[in-house]
Amino acid sequence: MPRTDVLIIGAGLAGQRAALAAASAGASVAILSKVHPVRSHSVAAAGGINAALNPGDTWESHAYDTVKGSDYLGDQDAIEIMCRAAPDEILWLEHAGVTFHRGDGGVLGTRAFGGASAARTFYVADITGQAILHVLYEQLMRHHAQVDRYEEWFTTQLLRDDDGRCSGAIARDIRSGHLDAFDAKAVILASGGAGQVFKPTTNALICTGDGIAQAYRIGAPLMDMEMVQYHPTTLAENGFLITEGARGEGAQLFNARGERFMERYAPNKLELASRDVVSRAEQTEIDEGRGFPDGTIALDITKVPRKRTLEALREIVNIGRDFAGVDITREPIHIKPGMHYMMGGVQTDVHGRTGVPGLYAAGEVACVSVHGGNRLGANSLLDTLIFGRRAGEHAAEHALGRAHPHAPAALLRDAQAEIDAVIAREPAPGARRLSQIKDELGTTMNRYVAVYRDAAGLASALGVVRRLQEEAPRAAIDDKGAIFNQDVLAAFELSYMLDVAEAIVIAAQQRRESRGAQFRTDFPSRDDTRWLHHITVSRNGQAEPAIGTAPVTITHWEPQERTY
Amino acid sequence: MAEYTLRLRRYDPNRHEPPYWQRFAVQLDPHRSVLEAILTARGEQDGSIGIRCSCRAAICGSCGVRVNGRAALACNTHLDRAAATGLHPDGRTITVEPMGNMPVIKDLIVDMDAVHWKKIRRVTPWLLNKQPVPEREYLVEHAAMVDVTQTMACIQCGACVSDCLSLEVDPEFVGPAASAKAYRFVGDPRDAEQDERLRDLAEDEHGIYDCTHCFACIDACPKGVAPMSQIMRLRRMAGVEHQIVDRNNGERHEEAFTTLVHDYGLLHEAELLPRSYGGNSWFGKFHPAAALELVESLPAIAKAVAHGKVKPRQALLGHRLPRRDLAAVQTIFDVVEGRAREEMTR
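What comes next concerns the included structure. (Residues numbered from 1 in each chain as written. Chains lettered and ligands numbered in written order. Predicted model: local features only at pLDDT ≥ 70, side-chain atom pairs only at ≥ 80, totals over all residues.)

What follows concerns the sheet that holds strand β4 (residues 70-73) of chain B. Residues and elements named next belong to chain B. What the 5 strands build is an open sheet, ordered β2-β1-β5-β3-β4; its pairing is mixed. Bordering the open sheet on either side are β2 (20-28) and β4, each of which pairs with just one other strand. Within the sheet, the average angular offset between the axes of one strand and its neighbour, ignoring direction, is 35°. One ladder, built from 9 bridges, connects strand β1 (residues 2-10) with β2; its direction is antiparallel. The residue bridging Arg7 from the neighbouring strand is Arg23, located in β2. Running over the sheet, helix α1 (residues 34-44) touches β1, β2, β3 (64-67) and β5 (93-97) and is turned about 100° from β2. (Pairing = 2+ DSSP bridges. Helix = DSSP H or I, 4+ residues; strand = E, 2+ residues; numbered from the N terminus. Axes fitted to C-alpha atoms, helices over the stretch in contact; angles between N-to-C directions. Contact = placed C-beta atoms within 7 Å.)

Bringing the sheet that holds strand β20 (residues 533-538) of chain A into the picture now. All names here are of chain A. Pairing is mixed across the open sheet formed by 5 strands, whose spatial order is β17-β15-β10-β20-β21. Lying at the two open borders of the sheet, with one neighbouring strand each, are β17 (366-367) and β21 (546-551). Pairing between strand β10 (residues 222-223) and strand β15 (residues 345-347): 2 bridges, direction antiparallel. Residue pairing across strands places Met223 opposite Gly345, the latter belonging to β15. Seen against the sheet, helix α5 (residues 210-217) touches β10 and β15 and runs at an angle of roughly 40° to β15. Each of β10, β20 and β21 is contacted by helix α15 (residues 486-510), which is oriented at about 140° to β20, the strand it contacts most.

Right, let's get into the environment of Glu288 of chain A. Its place among the elements puts Glu288 of chain A in the loop between α8 (275-287) and β13 (297-300). For Glu288 of chain A and Asp183 of chain A, which are 105 residues apart along the polypeptide, the C-alpha to C-alpha distance reads 56 Å.

Turning our eyes to something else, we now look at the pairing of β5 of chain B. As paired elements, β1 of chain B and β5 of chain B share 4 bridges and run parallel to each other. The residue bridging Leu8 of chain B from the neighbouring strand is Val96 of chain B, located in β5 of chain B.

Right, dumping it as structure tokens:
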């Protein structure tokens, strides 16, 4: 039964950054991840990371862009913290070994990104997430004496003690099937988003909302769950991401008539308007018949000099070649908006504290909220690092001087019995397979809870989710073994995804206005008098989720009309 | 849509039975990936099929497997191409097995930690900062960052480790992935211990001179990291720039090898050993170290002669190539070395 001051669940950028911060604050740390840390989905972040570090750039400008990008739903105190801390974080990464792109004289260079009033995105070709994730893992290996790594351990539930404090978690060693209870004075959730709730999505297969659902189940409120980002440039068939860096480097969007339609939607920023704006523009073109027959728009990267594309966008050269059969340096590639990111998640304060004492969250699993209604490109890596570090530091401090909790043995026995019962599930008459249920969930969410939404569609979506929640516990498990039983994990993941889907749909129904990523065709305008607040969803042991509100913190920037 | 047959190598560690082959028929478009085919089989037919996978887009490095006998990522191998390279006469059967050189845990899942990650940890895989650490960023050339970013592009999938022929013979070999990782620091101007790193890898008898230059890792790498090229660069930096003459004679052996092929057009076996140990010229054989090594190697030489691998007459007198062919070999040297110089000065 491992016991540590701080237990971190998830080993992407937020989790690894939290681990390093907590360890350097003197805490004993265990970091647990259902995949090897370098497989975490942070690896897929392509374009870069924002910071006002160039001479002449200011944190205020970065913060204002972020506030405006959020459609004024972001909390300005949190945004200020993030933008002020960004330059030092970039330098910390550079010193740790990240091979950032250089400009003249060997100084750090930047590229332009959407919704930003200055070129402030630092990058490593178009593998920025990978480059940072691998460097953080280098640091984890370096600090192996302070940080215990549990690689390929799957968390099945969070624990609460008699006082209601989060006191650890139960997890399964995927390799052996051994189940163990982890006692911890503080737990940091850093287990990422829930893209797999949608199909297609840019997100990896592992992004199944585990942490969001686990926190939801022990009573932590979720916030901004209706805010689901559709990225403007994804491949139609499989949802793969074409980085915003392409447009940052000068690529342009065209409809089937050859019109550069962004001139009509965002005359100043064009392709580099906020993602919600560009995705809506594309969807409108497609819906009104100006897209290509396969329901897509053309992204023309040939506008970028070929040499530059091969150096700075080489990953999407590969993706174009391998997954779409297109040489992007010579011809346009067909794209459309696709599910990409959850602005919402487990509600936290600026220290990462959730609604459950002792439980922290950081990264995509969390909602601070710095992204509000719409996240700016290259702000997510920043969010993971800044709030990962802050959660790590605060949790370490919180753990000092506290007594170690101890999970009763009965808890572990119950958890083991639960898993055994799932593994024992045999095919039942009329019961569908896990993959069929997951598929229906994904296509339903993508149909009704996408760029454009309305009451009827959301009601349909909720109906499907409720039906699938009934059905999922009957799906058979084929794998009866202990070692690397991925089948039983898929059953857990599906139940997490259904919880997350429920929260998303309920929040989207509740917000009867259009703001950021939430566009209601039945309530097409933003309504600051009624809806300038966060929506929370919580399920504290009750069957029916409770809907609440939380105020938006406004410090310097009063809401204005939003144009690009 | 087309129908493909996946021929999967299955192994269930929960049962004490040897691995076996199992076929799954799947219907998918030809440009879909081998991973999608495996996941389709898992979703529709058998949920117990084991494979690591996550991103589906060749960036997370989870799904390294062997497709038709060669290491690849399942996610970026198209079904039509895989079926074409499969040796099955029906043209639609694709053989998928776990990667090589690593113990199998279950089905297509191998123990990366026991081999791949252990070797990565062997090369001190973190930056040892040049002091003093500047207040702002280190000022370094754009080209230097682009250069090490090629090895940062490594996604740690293990494909090169799987297909490395040297590892098959010497499991202790540091291997292609860890060597590329080492270059990522040796080539980084912010690292303080380039010399120590090079010396460590050159002096280790399972280090950079253990590579036999077979190109298998370059073929296997899905990300263009070209691990063998990084090993060759490490060797050049060790030998030429840092003048490290390793105790295993790796550096001198390589020198002798290339000089002989350059001068004779083919390897001159009898000259190789004396030159590697006695000095890279015709006089090398008179050095005491060469004589000692020669005596120690006699059993191996006798075995090679007995098996017909070496013909005594040719070995002693050297191969004689027509003058035109010899000139062609030397032209190859000029072209390759010219390119290498270009690379070094890039």
